[in-house]
Amino acid sequence: MKFKAPPWAEIDTVMFDMDGTLLDLRFDNYFFLDLVPEAYAETNSISKEESLLIIMNFYQEVQGTLNWYSVDYWTERLKIDIPSLKRSVADKISVRPNAELFLSKLQKLNKRLLLVTNAHPKTLQIKVEQTAIFNYFEHLISSHSLKLAKEAPGFWKRLQTVEPYDPKRTILFDDSLPVLRQAKIEQLKYLWGIRRPDSQRESQVSLEFPLVDDFKQCFPTKISGL
Ligand SMILES: [Mg+2]
């Protein structure tokens, strides 16, 4: 889909996903596809290749559910202290280009900024400690507190019970196409994706949603209604 800047004059509430949207997904891919299999191989005295196969099977079983995003679940399942392992490499967490500047511009326009993430509260905490982008938000919402993943039917209606919003005047930025699709089913009007959630992997394509390369493409201007 051809890219266009959002019509800011029509939008009051701006929702952002965290991993792959404001933060480079490189960290999470490195963590789950390199570091965790390495640690699992070590604790079980198996090869890294064997470990990766086992772990990919585990991942597939729970993909798209809250367990997939739960550090408690993985700590128990793999018998590895996932929060500590994450903290040990937290300096690799990085913010996507112009994300912070974008947030500050939206804050100056008095847009209501909400972070809506599938990340577990413990992961969110590690990322809050590591970067400065979280001060811009009115609220940080982990889907774990609503007991539904963002891609699950009913999530966006349930979100209304803790954060009432007008779906016709709300924009969501999220790198996950299944999440955007579910938000669309639940009537969120403005849905923007991310072209390359992991800076070191290939881009994604979408015929359904505009995809952001760099947040400066979305900066409010006179043309976008402000
Ligand atoms: Mg994401």
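Bear in mind that the values here come from a model prediction, so they are computed numbers and not experimental data. (Residues numbered from 1 in each chain as written. Predicted model: local features only at pLDDT ≥ 70, side-chain atom pairs only at ≥ 80, totals over all residues.)

A word on the overall build of the protein chain
Working step 1: Per the secondary structure count, the protein chain includes eight helices and six strands.
Working step 2: Reading the helices (α) and strands (β) of the protein chain from amino to carboxyl end gives β-α-α-α-α-α-β-α-β-α-β-α-β-β.
Working step 3: By the compact-globule yardstick of 17 Å for 226 residues, the protein chain fits well, its C-alpha radius of gyration being 18 Å.
Working step 4: Relative to its full complement of 226 residues, the protein chain shows a buried share of 34%.
Working step 5: Sequence separation of 24 or more characterises 67% of the internal contacts of the protein chain that already satisfy a separation of 6 or more. (Helix = DSSP H or I, 4+ residues; strand = E, 2+ residues; numbered from the N terminus. Rg over C-alpha atoms; globule rule 2.2 N^0.38 Å. Buried ≥ 20, exposed ≤ 12 C-beta atoms within 10 Å, placed from the backbone. Contact = placed C-beta atoms within 7 Å.)

Details of the domain arrangement of the protein chain
Interfaces are frequently sized by the accessible area removed from exposure as the parts join.
Working step 1: Per the domain assignment, the segments of the protein chain are domain 1 (8-24 + 95-218) and domain 2 (27-91).
Working step 2: Computed from C-alpha coordinates alone, the two centres of domain 1 and domain 2 are separated by 25 Å.
Working step 3: In terms of residue class, the side of domain 1 that touches domain 2 is built from five nonpolar, six polar and five charged. (Domains from an automatic or database assignment. Nonpolar A, V, L, I, M, F, W, Y, C, P; charged D, E, K, R; others polar.)

Let's talk about the sheet that holds strand β1 (residues 13-16)
Working step 1: Spatial strand order, β3-β2-β1-β4-β5-β6: six strands in an open sheet with parallel pairing. At either margin of the open sheet sits one strand with a lone partner, and together these are β3 (139-142) and β6 (211-212).
Working step 2: Along the sheet, helix α8 (residues 177-185) makes contact with β4 (170-173) and β5 (190-194), crossing β5 at roughly 175°. (Pairing = 2+ DSSP bridges. Axes fitted to C-alpha atoms, helices over the stretch in contact; angles between N-to-C directions.)

What to know about the nonpolar core
Working step 1: If you look at the biggest cluster of nonpolar residues, it comprises 39 residues, and the most contacted ones within it are I171, L172, A183, L191 and V212.
Working step 2: Among the elements of the structure, β1, α5 (99-108), β2 (112-117), α7 (155-162), β4, α8, β5 and β6 are those that each provide at least two residues to this core.
Working step 3: If near-sequence neighbours (up to four positions away) are discounted, L191 is found in contact with L172, L180, A183, K184 and F209.
Working step 4: The next biggest cluster of nonpolar side chains, apart from the first, holds six residues, and it includes Y40, I55, W74 and I82. (Core = buried A, V, L, I, M, F, W, Y, C linked by C-beta atoms within 7 Å.)

Here we look at helix α1 (residues 26-44)
Working step 1: Helix length check: α1 (19 residues) gives 26 Å between terminal C-alpha atoms against 27 Å at 1.5 Å per residue, within 8%.
Working step 2: Taken together, the buried positions of α1 are occupied by F27, V36, P37 and Y40.
Working step 3: Downstream of α1 by a residue or two, S45 has a phi angle that is positive, lying close to 50°. (Expected span 1.5 Å × (residues − 1).)

Details of the packing of α1 against helix α2 (residues 48-62)
Working step 1: Axis separation between α1 and α2 bottoms out at 8 Å; the angle between their running directions is 115°. Compared by their axis directions, α1 and α2 come out roughly perpendicular. As α1 runs across α2, the sense of the crossing is right-handed. Residue-level inspection shows V36, P37, E38, Y40, A41 and N44 of α1 in contact with α2, the latter providing K48, S51, L52 and I55. (Parallel < 35°, antiparallel > 145°, perpendicular 65-115°, else oblique. Left-handed = near helix turned anticlockwise from the far one by under 90°.)

Quick word on the pairing of β2
Working step 1: In this sheet, β2 lies alongside β1 in parallel orientation, the contact comprising four bridges. Within β2, the residue paired with M15 across the bridge is L114.
Working step 2: Of the strand pairs in this sheet, β2 and β3 are connected by four bridges, and their pairing is parallel. Among the inter-strand pairings, V116 is bridged to a residue of β3, identified as I141.
Working step 3: At this point the chain moves from β2, through helix α6 (residues 121-130), to the parallel β3, and the crossover so formed is right-handed. (Right-handed = clockwise from strand over helix to strand, strands pointing away.)

Examining unusual backbone geometry
Working step 1: Positive phi values are uncommon outside glycine, yet S45 reaches one of about 50°.
Working step 2: Considering the arrangement of structural elements, one finds S45 in the loop between α1 and α2.
Working step 3: Residue S45 is classed as exposed on the basis of its 7 C-beta neighbours within 10 Å.
Working step 4: Look at K79: it is not a glycine, yet its phi comes out positive at around 55°.
Working step 5: Structurally, the position occupied by K79 is in the loop between α3 (71-78) and α4 (82-88).
Working step 6: According to the C-beta neighbour criterion, K79 is exposed, with 11 such atoms within 10 Å.

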